[in-house]
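What follows is the residue order along each chain.
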Amino acid sequence: MSDPKSRKTLVEEGTQFKGSLSSDCPIEVKGRIEGDLSAPALAVSPSGAVHGRIKVGEIRSQGELAGEFDADVVQLSGVVRDSTIIRAKSLEVKLAPPNGKMQVIFGECELEVGSEHAEKGTTTRAQSARPAADGAAPAPAPAPEDGSPPVEANGAN
Amino acid sequence: MPELTADVVLRKIKAGEKVERADLRGLAMPKAVLEGVSFRRCDLDGANFEGARLSRALFKNASLREAFLAGAELREANLESADLEGANLQGANLAGANLSRANLEGANLQGANLVGARLTHAQLESAKLGGASLVGAQLSHAILAEADLSTAKLDEADLTNADLTGANLEEASLVRAKLRDAQLKDANLKNANLTDADVPALAPPKTASDGALKRYFGKGDVLRNAHLEFNEGASVEIESLFEQCTIALGHATELVIGKAGVLSGCQVKGAGKITVHGKFVERESPGIVGATQLVVTAGGSLVGAVEQPSELTRFAFEPGCMLRMKIHARKDRPSEQRVGRVGRQR
C-alpha cells in the first residue's frame, strides 16, 4: 500500500468526470470535473476545469473554476467563470507583470474572504449561484447523466 | 467723544491736512467719500463707515475694533496690521485690499468681496466668512481656526500653511486652492469642492521616483462629501477618513489607501491603479469603476463591487485580506470575452 501522504486522486487530461466526488486525499485535476467535490485539497492544472459545488481545505488553481467554492486557503490564477462564488479564509492572487498575461481572469463572480467568513464557518453556502450574465444557468452540481449513484474515488491513479 | 468730529475730519482732508494718529473713536461717517485718505495709526474703534467709499484708503496699523464697515467700498485699501477685531465688514468690497497681519478675530465678513485680497498671516480666528468670495486670495499662514467659511468661494486661493483647525468649510468651493501644509484637523469639509485642489494637506508634497507629484492625506483628517479629481500620472496616498466622497482617477494615477486610511461610502472611478492597505466600503455599486489594477494587501479590506474596464482589471490579493466583493465585467463586453482564457487555447 502506498504512503497515504503521497496519494492523490488524479483526473487526467482528456478525462471528464460528472457526479459527486469525495476523497480523503488531495485531488489533482488536469481534465474536467462537473459536480460536487469534497477533499482536503484540490489542485487544478492549466488544462483542468472544475465546475460545481466544491468544499475543500485548500485550492490551488491555474485552470478554470465555476460554481461555488468553500475553502480555507485559495491560491488562484487562470480563469474564474461567471456566476462563481468563492468563500475562503485566505485568498492569494499574485499580481501579473504590467505587460505580461493576466494572472487571473475574473468573470462575474463573488469573493467572500477573511475573518468574518471564518467566524460564520465555511459550511455556509449561498442558496444558489446568480444566473450567468449571458443567460446560461449557473454551474451547480449536475447529477450523473446516466442516473448512476455518486462516485467515490480514493487514491485512484 | 472723538478728538475730531466728522466735519473737522472732512475739512482737514479737503485742506490736504493729515489725520494720521488721531483719536477718532466712535467717528460717524456713513456713506462718506474718503477714497485714498490716510487714517494711518488712527484710533477708529467703534467708528461708523457704513457704505463709505474708502477705495485705496490707508488704515495701516489703525485700530478699528468693533468698527461698522458694512457695505463699505474698500477696494485696494491698505489695512495692513490693522486691528479689526469684532468689526462688521458684512458685504464690504475688499477686492485687492491688503489685510496682511491684520487682526480680524471674530469679525463679520459675510458676503464680503475679498477677491485677490492679501491676508497673509492675518488673524481670522472665529471670523464669519460665510458666502464671502476669496477667489485668488492670499491666505498663507493665516489663522482661520473655528472660522465660518461655509459656501465661501476660495477657488485658487493660497492657503499654504494656513490654520483651518475646526473651520467650517461646508459647501465651500476650493477648486485649485493650495492647501499644502494647511492644518485641517476637525475641519468640516462636507460637500466642499476640492477639484484639483493641491491638498498634500498635512505633509509636504513628495516627488515620486517617476517624477509624479505625490498627494498625501494624513491621519486624523476627515473629508466628507467631497469630489476629488486627480490628473493623469498623479500619485495619491490616503491615511485619512473619507466619507461619501467620489474620486476620479486619471489614466495611470496611483491611489494608495494606507493602513490607517478609510474610504467609507465612497466611489472611485477611472483607469487608475488602486492599492488597499486600509479599508474601502462602497457607496453606490459598483464602488470601483474602470480600475486597471486593484491590489488588496494583508490587513486590507474591500467591501463593494468592481466593474472592470474593457481590457480587464489586474487583480492581486494577499493572504490576510478581507473581501466582500463582486466583480463585474463591463456591461458592453461580450460574455465570451469576459471569461476567455489568456495565453492558452482550449
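Keep in mind it's a predicted model, so treat the numbers as computed, not measured.

Draft legend 1. View of the overall build of chain A. A count of helical and extended segments in chain A gives one helix and eleven strands. Listing every helix and strand of chain A by position from the N terminus yields β-β-β-β-β-β-β-β-β-β-β-α. The buried share of chain A, taken over its 157 residues, is 49%. Put simply, 35% of the contacts in chain A that link residues at least 6 apart link residues at least 24 apart. In the form shown here, chain A has an accessible surface area of approximately 7200 Å², with 49% of it arising from carbon and sulfur atoms.

Draft legend 2. Spatial organisation of the pairing of strand S5 (residues 32-44) of chain A. All names here are of chain A. One ladder, built from three bridges, connects strand S2 (residues 16-18) with S5; its direction is parallel. Pairing of Phe 17 across the sheet is with Ile 33, part of S5. Two strands pair when backbone bridges link them, and strand S3 (residues 21-22) and S5 are joined in this way by two bridges, in the parallel orientation. Note on S5: the bridge partner recorded for Ser 22 is Ser 38. Pairing of strand S4 (residues 27-29) with S5 involves three bridges; the strand directions are parallel. Pairing of Ile 27 across the sheet is with Leu 42, part of S5. Sheet topology note: the S5/strand S6 (residues 49-61) ladder contains twelve bridges and is parallel.

Draft legend 3. Expanded view of the confidence of the model for chain B. Residues and elements named next belong to chain B. On average, residues of chain B carry a pLDDT of 87, and 90% of them reach 70 or more. For residues 201-210, every residue scores under 50 in pLDDT, and the model assigns this stretch 23 contacts once sequence neighbours within four places are set aside. Low pLDDT (under 50) marks residues 335-346, which in the prediction has 33 contacts with non-local residues, meaning those over four places away or in another chain. Confidence metrics for the complex model read pTM 0.59 and ipTM 0.74.

Draft legend 4. Main features of the side chain of Gln 293 of chain B. The topology assignment puts Gln 293 of chain B in strand S13 (residues 293-296). With residues near it in sequence (within four places) discarded, Gln 293 of chain B still touches Leu 95 of chain A together with Gly 272, Lys 273, Ile 274, Thr 313 and Arg 314 of chain B.

Draft legend 5. Inspection of the pattern of salt bridges at higher detail. Residue and element names in this part refer to chain A. A complete count under the given rule lists 20 salt bridges over all chains for this structure. The partner of Glu 28 in a salt bridge is Lys 8, with the nearest N and O atoms 2.4 Å apart. Placement of the pair is Glu 28 in strand S4 and Lys 8 in the segment before strand S1 (9-11), with a sequence separation of 20 residues. Look at Glu 28 and you get buried, because its relative accessible area is 16%. In this structure, the salt-bridge partner of Asp 70 is Arg 87, at a minimum N-O distance of 3.4 Å. You can see Asp 70 sitting in strand S7 (residues 64-76) and its partner Arg 87 sitting in strand S9 (residues 84-93), a full 17 residues away along the chain. The same class applies to Asp 70 and to Arg 87, which are both buried. Several salt bridges converge on common partners, so that one network encompasses Glu 68, Asp 70, Arg 87 and Glu 112.

Draft legend 6. Looking closely at the confidence of the model for chain A. When pLDDT is averaged across chain A, the result is 77; 69% of the residues are at 70 or more. The low-confidence segment residues 117-157 of chain A, where pLDDT is below 50, has 87 contacts with residues more than four positions distant or belonging to other chains.

Draft legend 7. Structural detail: the packing of aromatic side chains. Residues and elements named next belong to chain B. The tally for this structure, following the rule as stated, stands at eight aromatic pairs over all chains. Both rings, one in Phe 39 and one in Phe 49, keep their centres 5.7 Å apart while their planes meet at 65°; by these two values the pair is edge-to-face. Separated by ten residues along the polypeptide, Phe 39 in the loop between helix H1 (6-14) and strand S1 (206-207) and Phe 49 in the loop between H1 and S1 bring together distant segments of the chain. Summarising the burial analysis for this pair, Phe 39 and Phe 49 share the class buried. Seen in terms of ring centroids, Phe 39 and Phe 59 are 5.2 Å apart; in terms of plane orientation they differ by 10°. Their pairing is stacked.

Draft legend 8. Representation of unusual backbone geometry in the model. Residue and element names in this part refer to chain B. Cis geometry marks the peptide bond from Ser 285 to Pro 286, where omega comes out at 0°. Checked against the element boundaries, Pro 286 lands in the loop between strand S11 (279-282) and strand S12 (288-289). Of note in this structure, Glu 66 is not a glycine but carries a positive phi near 60°. Turning to its location among the elements, Glu 66 is positioned in the loop between H1 and S1. At Ser 126, a residue that is not glycine, the phi angle is positive and equals roughly 60°. Summarising the element assignment, Ser 126 is placed in the loop between H1 and S1.

Draft legend 9. Representation of the pairing of strand S14 (residues 301-307) of chain B. Residue and element names in this part refer to chain B. Burial runs high along S14: six of the seven residues are buried. As judged from the two bridges shared by S12 and S14, these two strands associate in the parallel manner. Counterpart to Ile 288 in the pairing with S14 is Val 306. Both S14 and strand S16 (residues 322-328) contribute to a ladder of seven bridges, which runs parallel. Bridge pairing links Gly 304 to Met 325 in S16.

Draft legend 10. Focus on the state of the cysteines. Residues and elements named next belong to chain B. Counting across every chain of the model gives zero disulfides over all chains. Not engaged in a disulfide, the cysteine Cys 245 finds its nearest cysteine sulfur in Cys 266; these two sulfurs lie 4.7 Å apart. With a relative accessible area of 0%, Cys 245 lands in the buried category.

Draft legend 11. Representation of the side chain of Thr 9 of chain A in the model. Here Thr 9 of chain A is to be found in strand S1. One polar contact links Thr 9 of chain A to Ser 23 of chain A, side chain to side chain, over a distance of 3.4 Å.

Draft legend 12. Region of interest: the environment of Val 295 of chain B. Among the secondary structure elements, Val 295 of chain B is positioned in strand S13. You can call Val 295 of chain B buried: its relative accessible area is 11%. Other than its neighbours up to four places away in sequence, Val 295 of chain B contacts Leu 95 of chain A together with Ile 274, Thr 275, Val 276 and Ala 316 of chain B.

Cut-offs and rules
- Residues numbered from 1 in each chain as written.
- Chains lettered and ligands numbered in written order.
- Predicted model: local features only at pLDDT ≥ 70, side-chain atom pairs only at ≥ 80, totals over all residues.
- Heavy atoms only, no water.
- Helix = DSSP H or I, 4+ residues; strand = E, 2+ residues; numbered from the N terminus.
- Buried < 20%, exposed > 50% of the residue type's maximum accessible area, 1.4 Å probe, protein only.
- Contact = heavy atoms within 4.5 Å.
- Areas by Shrake-Rupley, 256 points an atom, 1.4 Å probe, with all protein chains shown as cover.
- Pairing = 2+ DSSP bridges.
- pLDDT = per-residue confidence, 0-100.
- Salt bridge = Lys/Arg side-chain N within 4 Å of Asp/Glu carboxyl O.
- Phe/Tyr/Trp six-rings, centres within 6.5 Å; stacked < 30°, edge-to-face > 60°.
- Disulfide = S-S within 2.5 Å.
- Polar contact = N/O pair within 3.5 Å; in protein donor to acceptor, adjacent residues only side chain to side chain.

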